[in-house]
Each structure stands twice: as structure tokens, then as C-alpha cells.
Amino acid sequence: MIPGPSSVIRVALMILVAVVFQIACLVQIRVLGGTADITPLLVAAVALYAGSVPGAATGFFTGLLLDLALGTNLGASSLVLTAVGYGVGRYREQRDPSHGLTPIPVAAAATAAYVLAYAAVSFMLSIDAPVSLLVVREMLITVLLNALIAMPFFAITRRLLRPVLLVEPGPRARRDSTISSGPIGLRGLEV
Amino acid sequence: MYDKTVRRRRAALLIFVALSIGLLTVYFGESASGGLHAIQRGAQEALAPIEEGASRAFKPVRDAINWAGDVFDAKSENKKLKDEVAQLREDLAESQTAQREAEQLRSLVGLPKDELFPQGTEPITARVIARSPTSWQSSIQIDKGSGAGIHEDMPVVAAGGDGGGGLAGTVTSVSGGTATVTLITDESSAVSAQVMPDGAAGIVRPTVGDPSDMLLDFIEKGRPVSTDTTVITSGTRSDRFESLFPRGIPIGQVTEVDAEERELYQRVHIEPFADLKRMDFVQVLTRRGVEQAQVLVP
């Protein structure tokens with residue numbers, strides 16, 4: 001990502017819109033007893049297209065805004081989403097995934113990591129009440145729903161980030177086929 | 001060059017993790033009037049108009065999608081439900097929205113007419129503008145705050161799915177124009193309660209992740225508790241430990257009594273009257289009120 005005010009403002013606006021949309025609208029749309037959660041999707045998408053450091057920063061500030069807006073334990077969401085952003089960013093830097101369907105497994109893995117890690121942090125901090133197995137069902141449904149909306153969500157995020165990205169994400173360019181005509185010395189070589 | 005990049009990356013991760021842990025530590029260490037809590041209240045105040053606007057703007061979309069979800073669920077149920085879904089199809093999403101809001105408000109208005117409900121509570125009706133997305137912390141935000149006379153620890157009631165309604169939670173944080181309500185399904189919630197009419201007293205605690213099933217704990221074995229009986233807030237009169245809730249607010253209905261031989265107490269399952277999954281409006285009771293009927297406590 002190109003460092004500068006343009007990148008910061010662009011990502012900050014995306015975080016604000018995603019958090020407000022999540023807590024004011026999406027959380028009340030229940031499908032099969034669960035809800036989609038676009039906050040880990042945003043962090044994963046930014047990390048996938050921009051790398052580990054922007055991913056971690058996006059995770060931290062998304063979690064911070066989420067906790068500030070909801071009055072929940074300040075720092076808990078930041079901690080988890082920072083790790084999610086960094087993890088997805090490192091995956092991109094090490095593997096450089098180019099398959100068109102990459103957003104689906106990335107979204108599912110990022111959401112699963114987020115809900116599990118958030119549950120673990122909540123347990124460590126304060127949970128003292130009995131826990132229903134329905135929580136597991138709700139987590140699974142959130143992962144499934146996020147995987148379902150991953151393709152359009154990542155496409156929108158990519159489009160919004162494109163002007164500030166150093167490297168244009170997308171499928172690798174296909175190699176030219178070997179030539180079979182021309183000077184004998186060049187035949188069979190990739191040119 | 002490579003080492004520099006790696007060092008920079010690791011430093012960034014360390015800084016963000018350290019900041020998060022620092023925030024958590026300070027937040028848990030300070031009182032409710034501390035700096036971070038004040039910043040949080042300020043942020044809530046600033047975000048409230050945006051949240052309210054978004055909540056209103058997307059309400060038709062939410063209702064349409066929820067309606068579609070209801071149709072999907074109904075396919076696996078019996079013919080009666082299918083007929084109801086077919087009937088629902090004929091209604092416009094807009095009229096359904098208006099109807100649902102009107103029903104909730106009507107239930108809330110009618111709630112104080114319950115024979116046990118404490119009188120003189122002066123309820124303030126508020127719109128729900130945001131809610132927590134996780135099951136671990138159940139809280140909502142409402143569009144009224146200290147400017148409307150709302151303070152911390154005030155009880156909050158909500159309408160039920162089939163009319164009526166009951167206790168929804170308590171106000172835990174207030175700013176000028178908004179307030180945060182911690183629901184009775186939050187893991188930190190504990191409400192002193194009584195089973196009507198015999199008066200067996202216990203503590204209502206949530207089952208995290210299942211808002212339709214709560215536990216009434218600490219009912220001694222041998223105390224008769226039957227299903228379908230009503231559970232209300234018991235309130236306490238002690239000067240030292242006065243309950244946050246006035247006596248007589250309906251909480252829920254007993255659905256199952258589980259008396260295991262080895263346990264000292266019975267585990268009584270109750271279903272809350274308030275529809276905590278789909279709340280558009282709630283009422284904050286700004287005065288303690290006067291209890292209407294006495295309960296026979298053996």
C-alpha cells in the first residue's frame with residue numbers, strides 16, 4: 001500500500017462504514033439463527049491486498065472502533081483483529097495466492113479465527129455463566145455466511161483500495177507460449 | 001533491506017498487540033468514571049447520530065431479509081406455519097415494519113397495567129440503534145441518554161413476541177444522547193427473582209448463546225415449582241444491598257424444572273417474556289415505583 005494521507009483516509013472511511021453498518025444493520029439480520037460479521041472480512045480483505053502491516057493496523061483500529069461504539073471491553077476486539085490482519089497479510093506475502101476463489105477460504109479462515117479467538121479472550125476476561133452449545137452453531141453460521149458474501153465483499157474492497165495499492169492484485173500474467181518458428185536457435189525457447 | 005522489512009513488520013505487530021493489551025489492562029483497572037470509559041462514552045455520543053441514521057435507513061432491507069429468513073425456516077415446519085407465511089407474503093414490507101413497531105409500542109404501553117407491575121415508574125420509550133454482534137457480551141444502544149433523564153442502573157423493559165413483555169436489562173453507561181443497556185442475557189447479568197404465586201426466590205442467570213433459555217438458580221430442593229408459572233423481579237428492601245430492579249417486573253415463564261439428586265438446588269429453566277432478539281423499542285423505568293401486590297413468602 002502506498003503510504004500517505006490518501007491511504008489512511010480511504011481505509012479509515014472503510015472501517016467507519018463497515019463498523020456502523022455491522023452494529024446498526026447487519027447484526028439484526030438473522031439467517032438460520034446467526035448473523036454475518038463483516039468486520040473480520042474487512043480486515044482480511046485489506047490484509048490480503050495490502051499486506052501484513054496494513055492488515056494489522058486495520059485490525060487494530062477496526063477493533064478499537066467496535067469496542068468504543070459498543071461499550072465493550074476496550075482492547076479485546078483490537079487484539080484479536082490485529083492478529084487476524086497480520087496472519088492474513090503474512091499468508092499473502094509468503095504464498096502470493098492468485099486463484100480467483102482465494103477470498104472464500106481466506107474469509108472463512110479469518111472469520112473462524114476471529115470468533116474462536118474472541119471467545120477465548122472473553123472466557124479469559126470475564127465469562128462466568130453457563131455456555132450453551134448454540135454458541136458453536138452461531139459461530140459456524142457466521143463463518144458460513146461470511147464465506148458466502150466473501151467474493152462480492154472482497155471485490156468491493158479491492159476496487160476501493162486499488163488507487164492506493166503498490167501492487168495490483170489479481171491473477172498472474174500467463175506466460176507466452178514457446179515459439180515454433182523463426183531462427184532455428186530460438187525455437188523451443190520462451191521469448 | 002530484507003532484514004529491515006522484517007524488523008519493521010515485527011515492530012508494527014508488537015506495537016499493535018502491546019497497545020491492545022495495554023488498553024485492556026487499563027480499562028479493567030480503572031473505575032467507570034476513568035479516562036478510557038469517558039473516551040468510550042464520548043465516542044458513543046459521537047457515533048450515535050450515524051448509527052441511528054443507518055439503523056433507520058436500512059430497516060426496510062433488514063425486515064425484508066428477516067422476512068425471507070422466516071420463510072426459509074417455515075418450510076421445515078407444519079402446514080399451519082406455511083399458511084401463515086403465505087399470508088405474510090401478501091403484506092408489504094413497509095406495512096409490516098409499521099405494524100411491528102406499533103405492536104411493540106402497544107405492548108410496552110400496556111405492560112404497566114399488569115397486576116404485579118410496579119406503578120409510578122415513569123417509563124421513557126427509546127429506539128434501539130445498535131447492538132453487540134457477539135453472544136459473549138449482550139448489550140444494546142438506545143437513542144436516549146442523560147438528557148432525557150436516564151441514569152445508570154435503571155431497569156429496562158421490552159415488548160414480547162406475542163404481546164406483553166418483560167425485563168430486558170439495565171442501563172450500564174449513559175452519555176448525553178445515548179445509553180448502553182446490558183441485557184439480562186449478558187454473561188455478567190444476575191437478577192434476584194421470585195416464582196409466582198408461591199414466592200420461591202432465586203437468581204436468574206443467562207445461558208450464554210441461548211437468549212430463550214435462562215436459569216433460575218438457588219431454588220432449594222423441595223420447594224414446589226411448576227411449569228408455566230410466572231417469574232418476576234423480587235427486589236430487596238435491604239439498605240445495604242438494595243436490588244437494581246423494583247419488585248414485580250415480569251421476567252419470564254418457567255419451562256422446565258430440573259432437580260438432580262446430587263445438587264443442593266433445583267435448576268429452573270425459564271423463557272424470558274421480552275423478545276430480546278428483535279427489539280426495536282425499549283422502555284427505561286426512570287423511577288423505582290410502588291409495588292402493587294404482595295407475594296406470600298413462606
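Quick look at the structure, then.

Reading the values: the criteria
Residues numbered from 1 in each chain as written. Chains lettered and ligands numbered in written order. Predicted model: local features only at pLDDT ≥ 70, side-chain atom pairs only at ≥ 80, totals over all residues. Heavy atoms only, no water. Helix = DSSP H or I, 4+ residues; strand = E, 2+ residues; numbered from the N terminus. Buried < 20%, exposed > 50% of the residue type's maximum accessible area, 1.4 Å probe, protein only. Contact = heavy atoms within 4.5 Å. Areas by Shrake-Rupley, 256 points an atom, 1.4 Å probe, with all protein chains shown as cover. Pairing = 2+ DSSP bridges. Axes fitted to C-alpha atoms, helices over the stretch in contact; angles between N-to-C directions. Buried area = accessible area lost by both parts, 1.4 Å probe. Salt bridge = Lys/Arg side-chain N within 4 Å of Asp/Glu carboxyl O. Polar contact = N/O pair within 3.5 Å; in protein donor to acceptor, adjacent residues only side chain to side chain. Nonpolar A, V, L, I, M, F, W, Y, C, P; charged D, E, K, R; others polar. Left-handed = near helix turned anticlockwise from the far one by under 90°. Patch = residues over 30% accessible without salt bridge, like charges linked within 9 Å, V, L, I, M, F, W, Y side chains within 5 Å. Phe/Tyr/Trp six-rings, centres within 6.5 Å; stacked < 30°, edge-to-face > 60°.

1. With respect to the overall build of chain B
(1) Moving on: The helix and strand inventory of chain B stands at five helices and twelve strands.
(2) Moving on: By residue count, 49% of the 298 residues in chain B fall in the buried class.
(3) Moving on: Residue pairs at least 24 apart in sequence account for 63% of intrachain contacts in chain B once pairs closer than 6 positions are excluded.

2. Comments concerning the overall build of chain A
(1) Moving on: Assigned secondary structure in chain A consists of six helices and zero strands.
(2) Moving on: Counting from the amino terminus, chain A carries its helices and strands in the arrangement α-α-α-α-α-α.
(3) Moving on: The buried share of chain A, reckoned over its 191 residues, is 52%.
(4) Moving on: Residue pairs at least 24 apart in sequence account for 70% of intrachain contacts in chain A once pairs closer than 6 positions are excluded.
(5) Moving on: Per element, the accessible surface of chain A, about 8,900 Å² overall, is 67% carbon and sulfur.

3. Some words on the sheet that holds strand 2 (residues 139–142) of chain B
Whenever strands of a sheet pair, they do so through backbone hydrogen bonds, lying parallel or antiparallel.
Residues and elements named next belong to chain B.
(1) Moving on: Strand order around the closed barrel formed by six strands is 1-2-5-4-3-12, with antiparallel pairing between neighbours. With strand direction ignored, the average angle separating the axes of adjacent strands in the sheet is 45 degrees.
(2) Moving on: Bridging between strand 2 and strand 5 (residues 179–183) involves four bridges; their strand directions are antiparallel. Looking at the pairing, Gln 141 lines up with Thr 180 of strand 5.
(3) Moving on: Sheet strands touched by helix 2 (residues 35–57): strand 1 (123–131), strand 2, strand 4 (165–174) and strand 5. Its angle to strand 1, the strand with the most contacts, is close to 85 degrees.

4. Some thoughts on the interface of chain B and chain A
(1) Moving on: Contact with chain B, which involves 52 residues of that partner, is made by 52 residues of chain A.
(2) Moving on: Surface buried jointly by chain B and chain A totals about 4,800 Å² across both partners, of which 69% is contributed by carbon and sulfur atoms.
(3) Moving on: In this structure, the connection of chain B to chain A is made through one salt bridge.
(4) Moving on: Notably, a salt bridge pairs Arg 9 of chain B with Glu 93 of chain A, separated by 3.9 Å at the nearest N-O pair.
(5) Moving on: Taken together, the connections running from chain B to chain A amount to seven residue pairs in polar contact (both at pLDDT 80 or more).
(6) Moving on: Only helix 1 (2–29), helix 2, helix 3 (59–74), strand 1, strand 2 and strand 7 (201–206) of chain B provide two or more residues apiece to the side of chain B that touches chain A.
(7) Moving on: Examining the composition of the side of chain B that touches chain A, we find that 13 residues originate from one element, helix 1 of chain B, more than from any other.
(8) Moving on: Its residues assigned to classes, the side of chain B that touches chain A shows 27 nonpolar, 14 polar and eleven charged.

5. A word on the packing of helix 5 (residues 103–125) of chain A against helix 6 (residues 134–161) of chain A
When two helices pack together, you describe them by how their axes are tilted relative to each other and by the distance separating the axes.
Residue and element names in this part refer to chain A.
(1) Moving on: Running from amino to carboxyl end, helix 5 crosses helix 6 at an angle of 140 degrees, the nearest separation of the two axes being 8 Å. As for the relative orientation of helix 5 and helix 6, their crossing is right-handed in sense. Of the residues in helix 6, those touching helix 5 at Pro 103, Ile 104, Val 106, Ala 107, Ala 108, Thr 111, Ala 112, Val 115, Leu 116 and Ala 119 are Met 139, Thr 142, Val 143, Asn 146, Ala 147, Ala 150, Met 151 and Phe 154.
(2) Moving on: For the contact of helix 5 with helix 6, a count of residues per class yields 15 nonpolar, three polar and no charged.

6. Focus: the pairing of strand 9 (residues 230–233) of chain B
Residue and element names in this part refer to chain B.
(1) Moving on: When strand 6 (residues 191–195) meets strand 9, the two strands line up antiparallel, connected through three bridges. The residue of strand 9 that forms the bridge with Val 195 is Val 231.
(2) Moving on: As judged from the three bridges shared by strand 9 and strand 10 (residues 250–258), these two strands associate in the antiparallel manner. Residue pairing in the sheet places Thr 230 in a bridge with Gln 253 of strand 10.

7. Considerations on a nonpolar patch on the surface
(1) Moving on: Taken together, Ile 2, Leu 166 and Val 167 of chain A make up a surface patch of nonpolar side chains, about 290 Å² in accessible area.
(2) Moving on: Take Ile 2 of chain A: it is sitting in the segment before helix 1 (5–24).

8. Here's the deal with the sheet that holds strand 7 of chain B
All names here are of chain B.
(1) Moving on: Pairing in this closed barrel of six strands is antiparallel, and the strands run 6-7-8-11-10-9 around the ring. Within the sheet, the average angular offset between the axes of one strand and its neighbour, ignoring direction, is 40 degrees.
(2) Moving on: By the bridge criterion, four bridges tie strand 7 to strand 8 (residues 214–220) in an arrangement that is antiparallel. Paired with Pro 206 across the two strands is Met 214, which belongs to strand 8.

9. As for the packing of aromatic side chains
(1) Moving on: Under the defined criterion, the tally for this structure stands at eight aromatic pairs over all chains.
(2) Moving on: Plain terms: the ring middles of Tyr 114 of chain A and Tyr 118 of chain A are 6.0 Å apart, the flat faces sit at 45 degrees to each other, and that makes the pair tilted. Here Tyr 114 of chain A pairs with Tyr 118 of chain A, and both are found in helix 5, just four residues apart, close to one helical turn.
(3) Moving on: For Tyr 114 of chain A, a relative accessible area of 2% gives the class buried.
(4) Moving on: Ring geometry for Phe 218 of chain B and Tyr 265 of chain B: centres 5.3 Å apart, planes at 80 degrees, overall edge-to-face. Of this pair, Phe 218 of chain B sits in strand 8 while Tyr 265 of chain B sits in strand 11 (residues 265–272), placing them 47 residues apart in sequence.
(5) Moving on: Taking the relative accessible area as the measure of exposure, Phe 218 of chain B reaches 43% and is therefore partly exposed.

10. Focus on the pattern of salt bridges
(1) Moving on: Scanning all chains against the criterion turns up six salt bridges over all chains.
(2) Moving on: The partner of Arg 30 of chain A in a salt bridge is Glu 138 of chain A, and the shortest N-O contact between them spans 3.9 Å. Of this pair, Arg 30 of chain A sits in the loop between helix 1 and helix 2 (38–50) while Glu 138 of chain A is found in helix 6, placing the two residues 108 residues apart along the sequence.
(3) Moving on: The partner of Glu 52 of chain B in a salt bridge is Arg 56 of chain B, and the shortest N-O contact between them spans 3.3 Å. Here the residue Glu 52 of chain B and the residue Arg 56 of chain B both occupy positions in helix 2, the gap between them amounting to four residues, near one helical turn.
(4) Moving on: Here Glu 52 of chain B falls in the partly exposed class, since its relative accessible area comes to 22%.
(5) Moving on: Taken together, the salt bridges that share partners define one network made up of Arg 90 and Glu 93 of chain A together with Arg 9 of chain B.

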